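Observations on the model geometry
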Amino acid sequence: QVQLEESGGGLVQTGGSLRLSCAASGSTFSISRIGWYRQAPGKQRELVARISSGGSTFYADSVKGRFTVSRDNAKNTVYLQMNSLKPEDTAVYYCTLMHYVGGTLQPFGSWGQGTQVTVSS
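Residues numbered from 1 in each chain as written. Predicted model: local features only at pLDDT ≥ 70, side-chain atom pairs only at ≥ 80, totals over all residues. Heavy atoms only, no water.

Note that T77 resides in strand β8 (residues 77-82). One polar contact links the side chain of T77 to the main-chain carbonyl oxygen of K75, over a distance of 2.9 Å. (Helix = DSSP H or I, 4+ residues; strand = E, 2+ residues; numbered from the N terminus. Polar contact = N/O pair within 3.5 Å; in protein donor to acceptor, adjacent residues only side chain to side chain.)

Here it is, written out as structure tokens:
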């Protein structure tokens, strides 16, 4: 199994940048799909980006062109580079394994603590 831990959140001004890390342990990391989700107060958790074992990526329209997801299998780490941050990006960010369930990609396993991203206006 794969264990994941998020880090890199913090407080930044509008227009600033942050780089989140998702550190993984386990022998199956290189074949794992990893998704980044976020949850703002009073809102449902939403998918922000995902990356496949082969490096293909997906981005939500709200972050397209500003966020970049990548992975370094040698370091067992997935990154989320966030540029041109907006107050609307304020949320707790989580990384998770993703699997096909019932024909659709879904988060798999338990949610961790996440990492807080706060963007001031």
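So, next bit.
One pass over the full model with this rule turns up two aromatic pairs. Taking 5.7 Å as the distance between ring centres and 70° as the angle between the ring planes, the aromatic pair formed by Y94 and W111 counts as edge-to-face. Of the two residues, Y94 sits in strand β9 (residues 91-101) while W111 sits in the loop between β10 (104-108) and β11 (115-120), which places them 17 residues apart along the sequence. Exposure remark for Y94: the relative accessible area of 11% places this residue in the buried category. Residue W111 is classed as partly exposed on the basis of its relative accessible area of 30%. (Phe/Tyr/Trp six-rings, centres within 6.5 Å; stacked < 30°, edge-to-face > 60°. Buried < 20%, exposed > 50% of the residue type's maximum accessible area, 1.4 Å probe, protein only.)

For the rest of this paragraph, the subject is the state of the cysteines. Overall, the coordinates contain one disulfide when judged by the stated rule. A disulfide bridge connects C22 with C95, and the sulfur atoms are separated by 2.1 Å. Disulfide C22-C95: the torsion about the S-S bond is 80°, which places it as right-handed. Of the two residues, C22 is situated in strand β3 (residues 18-25) and C95 in strand β9; the sequence distance between them amounts to 73 residues. Owing to a relative accessible area of 0%, C22 belongs among the buried residues under this scheme. C95 sits in the buried class, given a relative accessible area of 5%. (Disulfide = S-S within 2.5 Å.)

Take the side chain of D89 next. Locating D89 in the fold gives a position in the loop between β8 and β9. A distance of 2.8 Å separates a polar atom in the side chain of D89 from a polar atom in the side chain of R66. Once residues within four sequence positions are removed from consideration, D89 is found in contact with R38, R66, F67, S84, V117 and V119. (Contact = heavy atoms within 4.5 Å.)

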